[in-house]
Amino acid sequence: MTRPPYRLYLLYHELRPSRSEYSYVVETDQFEKQVDLFLELRKRHPPGLFPEITFDDGHVSNFEFALPILQSRAIKAWFFITTGWTGQRPGYMGWQELRELQQAGQQIGAHGWSHALLTHCDPAQLHKELVEARLTLEDKLGVPVTGMSLPGGRSNQRVLDACREAGYTKVFTSVPKPEPQPTGTTIGRLNIRGDMTLEWIAKLFEPESGVLSSLKRQHHIKATAKTLLGDRLYEKLWALLNQQEPDTNDGEAATHEDPAHHQ
Ligand SMILES: [Zn+2]
C-alpha cells in the first residue's frame, strides 16, 4: 500500500526557538533535525515513502525560522495562508514576507480568509473564505493559487464542491495517509506536534513499523467522535486537552494515549 511513489505530507504550524507547552508548536532545532531526516529519506534507494512539508496559518515563524532551514537545503514546502490575517493579526506574516517566500521558490496556498471552519459557512461566507481569499493572494503575489488547506481539516461534499468551483485543484486535509503520485484532488496530511520524537517520526516512513497505519485507525476513531459530539463540543474538548485556542486547530485532537509517548 505504501510502495513507491507514495508521498507523506506533513503539517506544521508554528516554530519557536525553545520548547513550548503548546502541542502545535515545534522547536526550531527539532524542525531542523526533522528536515535533515526528510532529506535522507528522499535519497533512499530503493525509494520509500517520500516526505513533503506543509505549513498552515501563515505564522511569522514560518518566515523567520523555517525558510532559512528549507533554503539552505534547497527544499520546497507549501505555505497555506489565512488571507485575512496577513499583515493584520500580530504574529502572522505580512505581504512582504509572503512575497519573499514566494520569490524564494516556496509554494503559496490558501487557508481561508478568517480561518472559519468551512463546514459551518453559508454560501456567502464560503465565497469570502474560498474565492476572495484566493483572488487576494493572487492579486498581491502575482502568482496562481490553486492549493487550499481546510481550516481545522473540516470538510464535507459541499465544502469540497465549493473548493473546486472556487478554482482550487488541490485540497489539503488533515487525514494522515500516504498519497500516490500524481496526487488526487484531496491530499491527506499528518500533523506534526512538538512532542513527537525524531525516532517516532522516522518510524512513520517505515511501513513495516505499523505506526502510520495505527495513526490512520486513530484518525477514524476521532472522526467518529467528532460526528457523535458535534464540531463545537469537539473543538472545546480539543482546546482543553491541548491548551490551545480552538481557532488554530488544523489537525487531530491529541489524547493522553498519544503514540509519540510510547515509542
Ligand atoms: Zn489553520
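Computed from a predicted structure; not experimentally measured.

Cut-offs applied
- Residues numbered from 1 in each chain as written.
- Predicted model: local features only at pLDDT ≥ 70, side-chain atom pairs only at ≥ 80, totals over all residues.
- Heavy atoms only, no water.
- Core = buried A, V, L, I, M, F, W, Y, C linked by side-chain atoms within 4.5 Å.
- Buried < 20%, exposed > 50% of the residue type's maximum accessible area, 1.4 Å probe, protein only.
- Helix = DSSP H or I, 4+ residues; strand = E, 2+ residues; numbered from the N terminus.
- Contact = heavy atoms within 4.5 Å.
- Pairing = 2+ DSSP bridges.
- Right-handed = clockwise from strand over helix to strand, strands pointing away.
- Patch = residues over 30% accessible without salt bridge, like charges linked within 9 Å, V, L, I, M, F, W, Y side chains within 5 Å.
- Areas by Shrake-Rupley, 256 points an atom, 1.4 Å probe, with all protein chains shown as cover.
- Salt bridge = Lys/Arg side-chain N within 4 Å of Asp/Glu carboxyl O.
- Expected span 1.5 Å × (residues − 1).
- Arc of directions from axis to C-beta.

**Q** I would appreciate a short explanation of the nonpolar core in the present structure.
**A** Judged by nonpolar contacts, the single largest core of 56 residues is most densely connected at F31, I53 and L204. Top element by residues in this core is helix α2 (residues 60-72). It accounts for six residues. Setting aside its immediate chain neighbours within four residues, I53 contacts L10, Y12, F31, V35, F38, L70, I75, A77 and W78. In this structure, Y9, F80, F172 and I187 belong to the second largest nonpolar core, which totals five residues.

**Q** Whenever I open this one, the pairing of strand β6 (residues 107-110) confuses me. Can you help?
**A** Consecutive residues of a regular strand have side chains that alternate between opposite faces of the sheet. With four bridges connecting them, strand β5 (residues 78-81) and β6 associate as parallel partners. Bridge pairing in β6 places I81 opposite A110. Viewed along the sheet, the connection from β5 through helix α3 (residues 95-103) into β6 turns out right-handed.

**Q** Sorry, what's going on with a nonpolar patch on the surface here?
**A** The grouping of L229, L233, L237 and L240 at the surface amounts to a nonpolar patch, some 370 Å² of accessible area in total. It is helix α8 (residues 231-242) that contributes the most residues to the nonpolar patch, three residues altogether. Taking the relative accessible area as the measure of exposure, L240 reaches 69% and is therefore exposed.

**Q** What exactly am I supposed to notice about helix α7 (residues 211-229) here?
**A** Along an α-helix, residues three or four positions apart point the same way, because every turn accommodates 3.6 residues. When the terminal C-alpha atoms of α7 are compared, their 27 Å separation across 19 residues agrees well with the 27 Å that a helix rising 1.5 Å per residue should span. Taken together, the buried positions of α7 are V211, L212, L215, H219, K222 and K226. Looking straight down α7, one finds that the buried residues subtend no more than 80° of arc, so they occupy a single side. Residues of α7 that are exposed and point more than 90 degrees away from the buried face comprise R217, H220, I221, T227 and L228. Directly beyond the C-terminal end of α7, a positive phi value near 90° is found at G230.

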